[in-house]
Amino acid sequence: MQVKPFEAAIFDLDGVIVDTAKFHYQAWKRLAEELGFAFSEKENEQLKGVSRMESLDLLLRAGGITNLTAKRKETLASRKNEWYKEYLTTLTPADVLPGVRSFLHHLRSSGIKTAIASASKNAPLILDKVNIGSWLDVVVDGNSIVKAKPDPEVFLQAARLLGVAPFVCYVFEDAAAGVEGAIRAGMRVVGVGEEQLLARAHLTVTSFEQLEPVFLLSRIGVSDLGVTGDSPYEQ
Ligand code: BG6
Ligand code: MG
């Protein structure tokens, strides 16, 4: 089977590059408690990768709350965002997840392009705080996309700005919605997290430290991952 080249790496941000997924959860949980219901980490899985307003809808559904006005929903979403930003004030470059910096370094020195594809409107703030902007060629975030994951828009926009075809991209994602979006974009996906939650990913790892030797000791190693896929682009 023909091996597709690997020319670009597209990263989700929250929970992949930096450990901010936990702050999103803490803020949603706090909102749920204020509204009078408990919200588990398991329930939170479906909010990952999803836009702020869609996440709120999922949260309200989990709490059996219906019929809120659009204005009330806006208020709740901004309250959550204020808490979230409060938690982000503690963020420093040390919060970049293990192995990420080194992985980015190796990718860039191998000539592989790099991008962020995130649903978050806070992405610029986070990238600034953790100081990894210089490792990235392109950033696409919640400020520039219309359709949230699992729509492929954010990934396709990243590939377009990088000037590469989708089938030469690897996406790194911790959210089921993101894995789905990347597959719909015709890209290969590495799930970062628990295999059973990211079952549609072509490969799952728990950390970039685990991934680096396989990916980078040999670029040919990509074929050994068995990720040759069924992209409509490969003929
Ligand atoms: C994604 C997170 O990266 O961004 C979601 O996984 C979050 O949990 C979404 O809801 C939107 O983020 P923000 O920062 O714009 O509220
Ligand atoms: Mg994420």
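Residues numbered from 1 in each chain as written. Chains lettered and ligands numbered in written order. Predicted model: local features only at pLDDT ≥ 70, side-chain atom pairs only at ≥ 80, totals over all residues. Heavy atoms only, no water.

- With an unreviewed UniProt entry as reference, the protein is termed Beta-phosphoglucomutase, source organism Fontibacillus phaseoli.
- Comment text from UniProt for the protein, heading Sequence similarities (unreviewed entry), reads "Belongs to the HAD-like hydrolase superfamily. CbbY/CbbZ/Gph/YieH family." (UniProt positions renumbered as here; feature names shortened; annotations may be inferred.)

**Some remarks on the site of ligand 1**
1) Next: By nearness alone, 15 residues border ligand 1, and Asp-14, Arg-52, Ser-120, Lys-121 and Asn-122 come closest of all.
2) Next: In this structure, an oxygen atom belonging to ligand 1 sits 2.7 Å away from a side-chain N or O atom of Asp-14.
3) Next: One of the backbone nitrogen or oxygen atoms of Lys-121 is found 2.7 Å away from an oxygen atom of ligand 1.
4) Next: Relative to its unbound accessible surface of 390 Å², ligand 1 loses 97% to contact with the protein.
5) Next: Of the residues in the shell around ligand 1, the class split is 4 nonpolar, 7 polar and 4 charged.
6) Next: Looking at the shell around ligand 1, you find at least three residues from each of domain 1 (8-19 + 95-227) and domain 2 (21-88). (Near = heavy atom within 4 Å. Polar contact = N/O pair within 3.5 Å; in protein donor to acceptor, adjacent residues only side chain to side chain. Areas by Shrake-Rupley, 256 points an atom, 1.4 Å probe, with all protein chains shown as cover. Nonpolar A, V, L, I, M, F, W, Y, C, P; charged D, E, K, R; others polar. Domains from an automatic or database assignment.)

**Some remarks on the coordination of the magnesium ion (ligand 2)**
1) Next: Protein coordination of the magnesium ion (ligand 2) is provided by Asp-12 (OD), Asp-14 (O) and Asp-174 (OD), with donor distances spanning 2.0 to 2.2 Å.
2) Next: All donors of the magnesium ion (ligand 2) belong to a single chain; written as a sequence motif, their spacing is D-x1-D-x159-D.
3) Next: For Asp-12, a relative accessible area of 4% translates into the label buried.
4) Next: By relative accessible area, Asp-14 is classed as buried at 12%. (Donors = N, O, S within 2.8 Å, 3.2 Å for Na, K, Ca; no water. Buried < 20%, exposed > 50% of the residue type's maximum accessible area, 1.4 Å probe, protein only.)

**Observations regarding the packing of aromatic side chains**
1) Next: Applying the stated criterion across every chain, the model contains 9 aromatic pairs.
2) Next: Here Phe-6 and Tyr-170 contribute two aromatic rings whose centre-to-centre distance is 5.0 Å and whose plane-to-plane angle is 75°, an arrangement assigned as edge-to-face. Highlighted residues: Phe-6 in the segment before β1 (8-11) and Tyr-170 in strand β4 (residues 169-173), separated in sequence by 164 residues.
3) Next: Owing to a relative accessible area of 4%, Phe-6 belongs among the buried residues under this scheme.
4) Next: Ring centres of Phe-11 and Phe-103 lie 6.2 Å apart, and the angle between their planes is 85°; this geometry places the pair in the edge-to-face category. One end of the pair, Phe-11, is in strand β1; the other, Phe-103, is in helix α5 (residues 100-109), and 92 residues separate them in sequence. Like Phe-103, Phe-11 is buried.
5) Next: Lying over the aromatic face of Tyr-84, Lys-80 brings its terminal NZ or CZ to 4.7 Å of the ring centre. (Phe/Tyr/Trp six-rings, centres within 6.5 Å; stacked < 30°, edge-to-face > 60°. Helix = DSSP H or I, 4+ residues; strand = E, 2+ residues; numbered from the N terminus. Lys NZ or Arg CZ within 6 Å of the ring centre and 35° of its normal.)

**What to know about the nonpolar core**
1) Next: Phe-11, Ile-17, Phe-172 and Phe-208 are the most contacted members of the largest nonpolar core, which has 49 residues in total.
2) Next: Counting residues domain by domain, this core receives three or more from each of domain 1 (8-19 + 95-227) and domain 2 (21-88).
3) Next: Residues Ile-10, Val-138, Ala-158 and Leu-162 belong to the second largest nonpolar core, which totals 23 residues. (Core = buried A, V, L, I, M, F, W, Y, C linked by side-chain atoms within 4.5 Å.)

**What to know about the pairing of β4**
1) Next: Counting buried residues along β4, 5 of its 5 residues qualify, which places the element largely inside the surrounding structure.
2) Next: Where β1 lies against β4, 4 bridges are found, and the strand directions are parallel. Bridge assignment links Phe-11 to a residue of β4, and that residue is Phe-172.
3) Next: Where β4 lies against strand β5 (residues 188-192), 4 bridges are found, and the strand directions are parallel. Its bridge partner lying in β5, Phe-172 is registered against Val-190.
4) Next: In the classification by handedness, the crossover that spans β4, the intervening helix α8 (residues 176-184) and the parallel β5 is right-handed. (Pairing = 2+ DSSP bridges. Right-handed = clockwise from strand over helix to strand, strands pointing away.)

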